[in-house]
Every structure is written in C-alpha cells, then in structure tokens.
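Structural features, examined
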Amino acid sequence: MPRPTIDLHSHSSVSDGTETPTQLVRAAIAAGLDTLAITDHDSTAGWDEAVAAAAGSGLQIIRGMELSTRYEWRSVHVLGYLFDPHDADLVAETGRIRDDRLTRAERMVSRISEDYDVTWDDVLAQSGGVSIGRPHIADALVARGIVRTRSEAFESILHFRAGYYLPHAAPTVLDGVRIIASAGGAPVIAHPATRGRDAVIDEGMLEQLVDAGLVGLEVDHRENTSEGRATLREWARRYDLVMTGSSDYHGDGKPNRLAENTTDPESLEAIVACTRGVAPVRA
Ligand code: AMP
Ligand code: FE
Ligand code: FE
Ligand code: ZN
C-alpha cells in the first residue's frame, strides 16, 4: 500500500481561497489526496459544504481553521483541528476577528482610494462575505487593472510599509492556543519560520504555548526557511510536539499546489488523539 497523501492546510472562498469548498474538495480528489484539512481564516463556514462534497469519494476531511493571532507586533497564524465549532469562546473570538477584518479592510480601501481608482464595492464583489482580508483588496486591484496579480499587490500597495496598511484586531497567540485547546481542538502553529532568524515565536513563548496546550508545529511549508525548519525540528523533539507539512493551498490565489508538502499518517494520528470536538469524516 502506498503511503496516504495528507494535506492539513487549505483555503476556500469562505476566506481567501479562489475555489468554493466543493471545488476545493474536487481538486483534492483529482490530486489523489487521502486526507484534506479545510482551514479557512477565522471561519468554519465551509465545513458542511466540504464534508458534503467529499461524500462517497473516500477522501477524508479534517475540519479545521487558521486563527489570526498576534505576538507583540507580529501576526501569528494558529491552525486548529477538530474543535467544537459551537464553543462559546471560540465563536465569540472568531466573530470579533471577522467583524474587525471587515471595518479594517474598508478603512484600508478608503486610504487606497485616495490614490487609486478602486471602491469598497469592488472589494465586496471579490469576497465570499465571510472572512475578508487583503487578498480580496488585491483581487479588486487586479480587476481594475491597477496590478496584474495578488502577489504584485502584496509587494506594492498592500505591503505593510506602503502606507495603506492597517492591522486588524486579533487575540494574543497564547489566548489563541488556549481558545482552540479548550474547544477540544489541536492547535498547531502555521508556518512559524517564514522570516529566517526573525521567527514569529521565540523559545520562551513556545514553552508557554506548550503549557497552554500547543500540539504541533507546521514544519514543512514553502514559506519556512531551511534554517527555520531545523530549529522547528529541534523544538519539536525538545517539547514533544507533532510536526506537520502542508500546502496552504489558495486555489489560483497563490502558487502553492495541493500536497506540495504533506504530513505523516502517524503525525495525523497523534493530532486526532488530542482532540474531542468533532471527528475526522470519511464517507
Ligand atoms: P490579512 O490577514 O488580511 O492581512 O492578509 C494576509 C493574507 O494574505 C494571508 O492569509 C495570506 O494568505 C495572503 N497573502 C499574503 N501574501 C500573499 C501573496 N504574496 N500573494 C497572495 N496572497 C498573499
Ligand atoms: Fe490566506
Ligand atoms: Fe497563514
Ligand atoms: Zn493559510
């Protein structure tokens, strides 16, 4: 038997992926995946459609989310797997983040529109209306012909140094890990080593996160540097954390392809064993 292909990080049009949950699941089936986690930013709104789309295919769906958090001035993404989507704290916190994402995006667009011919309605037309972010502003700028691609928008107008950037509200990374763990989920830090030495978390914070219920680190991700991955592997050994690998697929919104990085079945088993919210689904 070949090893099953497991990809634990993907986005649909519920957040900033370009494919609906159904299209995302079909792409995963076409790519020959055994297991796909749907992990939209700050929302579980794609779960039911993804599970329905996978029915009868044999594809296993892991229900998850990528929670936006902060550590000092840094934005830290925490993947949460198999938590209870009705947990009151989790529902309240993700609602706050999505509400603030909306007003923050509108304020960013109002700044951008002083210099470029783009409107808030242009941006709303690009979003699924659930979890809005800079990628949807990027899509509006592309639609207006101001830039050619999302990546070009992020390198210019949407860059945090370009003068239009505004942060959005988010819990601290410690609170984010606590929220996911107390909702019965398994928290895993997403792409923790994207900036070389200037990693998103340091070992002191990692120790606190482990005490708060952190389960794993996303080691194999295209944006983690190779030195950063070596440090993450060392930390995983030292603190007995699960290591994952994932694509962070966004459809056409990013070059990342499904299963370009994958997770071992043993690691997925260890993640599932830590959870008590919802179960993996394979039908
Ligand atoms: P936001 O959370 O609204 O500040 O936007 C950050 C999101 O933009 C992340 O979740 C990424 O998925 C996406 N993103 C960041 N850089 C790029 C890029 N160069 N091209 C496309 N999407 C990007
Ligand atoms: Fe994203
Ligand atoms: Fe992320
Ligand atoms: Zn992601």
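Attention here is on the structure that accompanies the text. (Residues numbered from 1 in each chain as written. Chains lettered and ligands numbered in written order. Predicted model: local features only at pLDDT ≥ 70, side-chain atom pairs only at ≥ 80, totals over all residues. Heavy atoms only, no water.)

**As for helix α8 (residues 203–211)**
Met205, Leu206 and Leu209 are the residues of α8 that are buried. Mapping the buried residues of α8 onto a view down its axis gives an arc of 105°, with all of them on the same face. Contact partners of the buried residues in α8: β3 (60–71), α7 (173–182), β5 (186–189), β6 (216–220) and α9 (226–239). Where α8 starts, the residue carrying a side-chain oxygen 3.2 Å from the main-chain nitrogen of Gly204 turns out to be Asp202. Positioned one or two residues after α8, Gly213 has a phi angle of 115°, which is positive. (Buried < 20%, exposed > 50% of the residue type's maximum accessible area, 1.4 Å probe, protein only. Helix = DSSP H or I, 4+ residues; strand = E, 2+ residues; numbered from the N terminus. Arc of directions from axis to C-beta. Contact = heavy atoms within 4.5 Å. Polar contact = N/O pair within 3.5 Å; in protein donor to acceptor, adjacent residues only side chain to side chain.)

**Topic: the coordination of the iron ion (ligand 3)**
Bound to the iron ion (ligand 3) are the protein donor atoms Glu66 (OE), His77 (ND1) and His191 (NE2), situated 2.0 to 2.2 Å from the metal. Counting along the primary sequence, the residues that act as donors to the iron ion (ligand 3) give the motif E-x10-H-x113-H. (Donors = N, O, S within 2.8 Å, 3.2 Å for Na, K, Ca; no water.)

**Remarks on unusual backbone geometry**
Positive phi, close to 60°, is recorded for Leu82, a residue that is not glycine. For Leu82, the location among the structural elements is in the loop between β4 (74–81) and α3 (88–112). Residue class for Leu82 comes out buried when judged on its relative accessible area of 0%. Located in the positive-phi region is Asp240, a residue other than glycine, with phi close to 55°. Tracing the chain through its elements places Asp240 in the loop between α9 and β7 (242–245).

**Some details on the site of ligand 1**
Near ligand 1 you find 14 residues, and of these His41, Arg101, Arg104, Arg134 and His250 are the closest. Arg101 places a side-chain nitrogen or oxygen 3.1 Å from an oxygen atom of ligand 1. Here His250 contributes a side-chain N or O atom positioned 3.0 Å from an oxygen atom of ligand 1. Its free accessible area being 500 Å², ligand 1 has 83% of it covered by the protein chains. Residue assignment for the shell around ligand 1 shows that the elements contributing at least two residues are α3, α5 (134–143) and α6 (150–155). The element contributing the most residues to the shell around ligand 1 is α6, with three residues. Residue composition of the shell around ligand 1, by class: two nonpolar, six polar and six charged. (Near = heavy atom within 4 Å. Areas by Shrake-Rupley, 256 points an atom, 1.4 Å probe, with all protein chains shown as cover. Nonpolar A, V, L, I, M, F, W, Y, C, P; charged D, E, K, R; others polar.)

**A closer look at the packing of aromatic side chains**
Under the counting rule described, the total for this entry stands at three aromatic pairs. With a centroid separation of 6.3 Å and 70° between ring planes, the pair formed by Tyr116 and Tyr164 is classed as edge-to-face. In this pair, Tyr116 is assigned in the loop between α3 and α4 (120–124) and Tyr164 in the loop between α6 and α7, connecting sequence segments 48 residues apart. The class of Tyr116 is partly exposed, set by a relative accessible area of 30%. When the ring of Phe160 is compared with that of Tyr165, the centres are 6.4 Å apart and the planes differ by 75°; the resulting orientation is edge-to-face. (Phe/Tyr/Trp six-rings, centres within 6.5 Å; stacked < 30°, edge-to-face > 60°.)

**Remarks on the coordination of the iron ion (ligand 2)**
Coordination of the iron ion (ligand 2) by the protein involves Asp16 (OD), His41 (NE2) and His250 (NE2), with metal-donor separations of 2.1 to 2.3 Å. Each donor residue of the iron ion (ligand 2) belongs to the same chain, with the gaps between them written as D-x24-H-x208-H. Here the iron ion (ligand 2) and the iron ion (ligand 3) are spaced 5.4 Å apart. Placement of Asp16 in the loop between β1 (6–7) and α1 (21–30) and of His41 in the loop between β2 (35–38) and α2 (47–54) is noted, with a sequence separation of 25 residues between them. One exposure class covers both Asp16 and His41, and it is buried.

Shape descriptors only; they carry no functional weight alone.
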